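Each chain is listed here by its residues.
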Amino acid sequence: LPVLEKAVAFYEAWDAEKEAVLPEMAEGRIAGEFVNLYPPGTPIAVPGEVLGEELIRALDKCLNSGLTVQGVDEERRICVLR
C-alpha cells in the first residue's frame, strides 16, 4: 500500500466537519476517519492524510475481493473532511 501524505494534523482532522463520499470522489481529499484492513486492523489511511489514486485503487481491490475494510460504510463510502 502507498505511503500517504499528511495534510492536516490528526487532532484537527478528527475534530473537523466531515462527509461520506464514494471512493471515486475521495481522490485528493483528506481522510476524516481511520480506514483499516481487518484482520489484523492495520491502518491504510489515518485522519489527516491525503487519499491518493493508488490508495483508492487498492481500496477498491480490497472491497471487491471481499476483505473487511473498517472505515468504509455499507454503501462503500469513505469519510473525508468537508
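Let me sum up the structure you'll find in this document. (Residues numbered from 1 in each chain as written. Predicted model: local features only at pLDDT ≥ 70, side-chain atom pairs only at ≥ 80, totals over all residues. Heavy atoms only, no water.)

Observations concerning helix α3 (residues 53-64)
Every α-helix carries 3.6 residues per turn, so stepping three or four residues along brings you back to the same face. The first and last C-alpha atoms of α3 sit 16 Å apart over 12 residues, in line with the 16 Å expected at 1.5 Å per residue. Within α3 the residues assigned to the buried category are Leu55, Ile56, Ala58, Leu59, Cys62 and Leu63. Take α3 and look down its axis: the buried residues cluster within an arc of 165°, on one side only. For α3, the exposed residues set more than 90 degrees away from the buried face come down to Lys61 and Asn64. Packing partners of the buried residues in α3 comprise α2 (23-26), β2 (35-38), β3 (42-45), β4 (68-70) and β5 (78-81). Downstream of α3 by a residue or two, Gly66 has a phi angle that is positive, lying close to 85°. (Helix = DSSP H or I, 4+ residues; strand = E, 2+ residues; numbered from the N terminus. Expected span 1.5 Å × (residues − 1). Buried < 20%, exposed > 50% of the residue type's maximum accessible area, 1.4 Å probe, protein only. Arc of directions from axis to C-beta. Contact = heavy atoms within 4.5 Å.)

Looking at the nonpolar core
Counting 18 residues, the largest nonpolar core has Val35, Leu51, Leu59, Val69 and Ile78 as the members making the most contacts within it. Among the elements of the structure, β2, β3, α3 and β5 are those that each provide at least two residues to this core. No other element matches α3, which puts five residues into this core. Excluding residues within four positions of it along the chain, Val69 makes contact with Val35, Asn36, Leu37, Leu59, Cys62 and Leu63. (Core = buried A, V, L, I, M, F, W, Y, C linked by side-chain atoms within 4.5 Å.)

With respect to the sheet that holds β2
Whenever strands of a sheet pair, they do so through backbone hydrogen bonds, lying parallel or antiparallel. Strand order in the open sheet made by the three strands is β3-β2-β4, with antiparallel pairing throughout. Each edge of the open sheet is held by one strand with a lone partner, namely β3 and β4. Neighbour-to-neighbour, the strand axes of the sheet open up by a mean angle of 35°, direction not taken into account. In terms of strand pairing, β2 meets β4 through three bridges, oriented antiparallel. Along β4, the bridge assignment pairs Asn36 with Gln70. (Pairing = 2+ DSSP bridges. Axes fitted to C-alpha atoms, helices over the stretch in contact; angles between N-to-C directions.)

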